[in-house]
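Below, each chain spelled out in residue letters.
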Amino acid sequence: MTCSKITDMIYEDGSISLSNRFQIWAHTAFCPDCAKKIERLESAKEMLREDFFPQTPELEDLIMARIAVIENEEESYENPAYAAAGGLSTRGWVIAGFIILVSLVTAYFGFDFQSLSNELGASFILPVGITVGIVVTSYGAFFIGSHLKELSERFGL
C-alpha cells in the first residue's frame, strides 16, 4: 500500500475500520515518514481537545457581570431621569431645532440662491420650499414623538 493511500485513510471522517487500522499499522511499521505523520496528527488532535481552548472558570463570571451591566443600562433608558442624565433634553431639542430653522431660512438670502432663483424661477423655489417644509415638519414630529409623555403632562392632555 502506498503512503498516499494511508494518508487518505487517516484523514477520512475519523472512523477508521478495523481492516484499515491493520493496514495503517502494518504500513507504519515499515514507513517512518507515515508513522511521524500519524504521530503529529494524533498530538494535534490531542492539543485541540485539551490545550487549544484553555479552561477559564472566571469567564462565566465576566459574562454574567456584562449581562448585568447591559440590563442596568436598559433599565436606565426606561427611567424618566434618563433624559436629564444623558439624553437630549427639551432645551437641547429646541436649540437644535432653532439652529436648523435659521440655517434653512438664511439659505434664501444667499447670493447664489438669488441668482439661481432669478434664472430658474418657480421650478427652483418650489422644491426648495418643499424641502424646507419637510425638514421642519419631520424635526417637529420627532421632537413631539420623543417627548409625548412630557408634553401631555405639561399641557394636560
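Residues numbered from 1 in each chain as written. Predicted model: local features only at pLDDT ≥ 70, side-chain atom pairs only at ≥ 80, totals over all residues. Heavy atoms only, no water.

A.B. asks: Please set out a nonpolar patch on the surface residue by residue, giving values where relevant.
C.D. replies: Among the surface-exposed residues, Leu59, Leu62, Ile63, Met64 and Ile67 lie close enough to one another that they form a single nonpolar patch of about 460 Å² accessible area. For Ile67, the position within the fold is in helix α4 (residues 58-78). Of the residues examined, Ile67 reaches a relative accessible area of 36% and is grouped as partly exposed. (Patch = residues over 30% accessible without salt bridge, like charges linked within 9 Å, V, L, I, M, F, W, Y side chains within 5 Å. Areas by Shrake-Rupley, 256 points an atom, 1.4 Å probe, with all protein chains shown as cover. Salt bridge = Lys/Arg side-chain N within 4 Å of Asp/Glu carboxyl O. Helix = DSSP H or I, 4+ residues; strand = E, 2+ residues; numbered from the N terminus. Buried < 20%, exposed > 50% of the residue type's maximum accessible area, 1.4 Å probe, protein only.)

A.B. asks: Help me get a handle on the packing of aromatic side chains, residues and values and all.
C.D. replies: Taken as a whole and judged by the stated rule, the model has three aromatic pairs. Seen in terms of ring centroids, Trp93 and Phe143 are 5.8 Å apart; in terms of plane orientation they differ by 50 degrees. Their pairing is tilted. Here Trp93, found in helix α6 (residues 90-106), pairs with Phe143, found in helix α8 (residues 122-146); they are 50 residues apart in sequence, far enough to count as distant. With a relative accessible area of 16%, Trp93 lands in the buried category. You can call Phe143 buried: its relative accessible area is 17%. Cluster of aromatic residues (ring-pair linked, three or more members): Trp93, Tyr139 and Phe143. (Phe/Tyr/Trp six-rings, centres within 6.5 Å; stacked < 30°, edge-to-face > 60°.)

A.B. asks: Report on the confidence of the model for the protein, specifying residues and quantitative values.
C.D. replies: Averaged over all residues, the pLDDT of the protein equals 77, while 84% of them reach at least 70. At the low end of the mean pLDDT range in the protein sits helix α5 (residues 82-85), at 46; at the high end sits α8, at 84. Overall, residues 82-86 carries pLDDT values under 50, and its contacts beyond four positions in sequence, including any with other chains, amount to five contacts. (pLDDT = per-residue confidence, 0-100. Contact = heavy atoms within 4.5 Å.)

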